[in-house]
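A look at the structure
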Amino acid sequence: MKRSNEPIFWSLFGAGGMLAALIGPALVFITGIAVPLGFIFAADTMSYSHMLAFSHHWLGKIVVLAVIALFMWHAAHRIHILLHDFGVHAVTTVRVLCYGGAFVGTVIAAYTLLTLKP
């Protein structure tokens, strides 16, 4: 029996979907409404220097990488399934483009976060 790599993509899709559903709206509210309008946080809470300090810490790097990577893997799987539903049945090509794009984006994000200079 041939082994499938589908569980790997489904788990990344599920983790990205959970993160998008639970954390995504909070990120949109905080970065798009609360901080710019000064509702909950001070206006300089998300200043460049604060965000740079956050992304220099190892825990901040993990959080930023997890959000970027899992959102991209979730989107890649959604696009793959959407193209299949629209009748694009070039399975190998679509998988390589979708999942390859998510992989390349994850590698670029990881490289960028690892090369940040303090």
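In what follows, the structure referred to is the one given above.
Given the structure is predicted, the values throughout are model-derived calculations rather than measurements.

Bringing the layout of surface pockets into the picture now. To locate leftover empty space, one rolls a probe as large as a water molecule over the atoms. There is about 450 Å³ of room inside the largest pocket. Surrounding the largest pocket, 15 residues form its lining, L27, M46, M51, F54 and V64 being those nearest its centre. Considering every element that reaches the lining of the largest pocket, the biggest residue donor is helix α3 (residues 48–56), with five residues. Across the lining of the largest pocket, the residue classes break down as twelve nonpolar, three polar and no charged.

With that settled, consider the environment of P118. Summarising the element assignment, P118 is placed in the segment after α5 (91–114). Since its relative accessible area comes to 93%, P118 is described here as exposed. A sequence separation of 62 residues divides P118 from H56, and the C-alpha atoms of the two residues are 6.4 Å apart.

Turning our attention to a nonpolar patch on the surface. A contiguous nonpolar patch, built from F29, I30, I33, L37, F39, I40 and F41 and spanning about 650 Å² of accessible area, is present on the exposed surface. Mapping I30 onto the fold places it in helix α2 (residues 24–37). We classify I30 as partly exposed; its relative accessible area is 31%.

Reading guide: rules and limits
- Residues numbered from 1 in each chain as written.
- Predicted model: local features only at pLDDT ≥ 70, side-chain atom pairs only at ≥ 80, totals over all residues.
- Heavy atoms only, no water.
- 1 Å grid on protein atoms, 1.4 Å probe; cavity = no way out; pocket = protein on both sides within 12 Å on 5 of 7 lines; lining within 4 Å.
- Points joined across faces, edges and corners; volume = space filled by probe spheres on them.
- Helix = DSSP H or I, 4+ residues; strand = E, 2+ residues; numbered from the N terminus.
- Nonpolar A, V, L, I, M, F, W, Y, C, P; charged D, E, K, R; others polar.
- Buried < 20%, exposed > 50% of the residue type's maximum accessible area, 1.4 Å probe, protein only.
- Patch = residues over 30% accessible without salt bridge, like charges linked within 9 Å, V, L, I, M, F, W, Y side chains within 5 Å.
- Areas by Shrake-Rupley, 256 points an atom, 1.4 Å probe, with all protein chains shown as cover.
- Salt bridge = Lys/Arg side-chain N within 4 Å of Asp/Glu carboxyl O.

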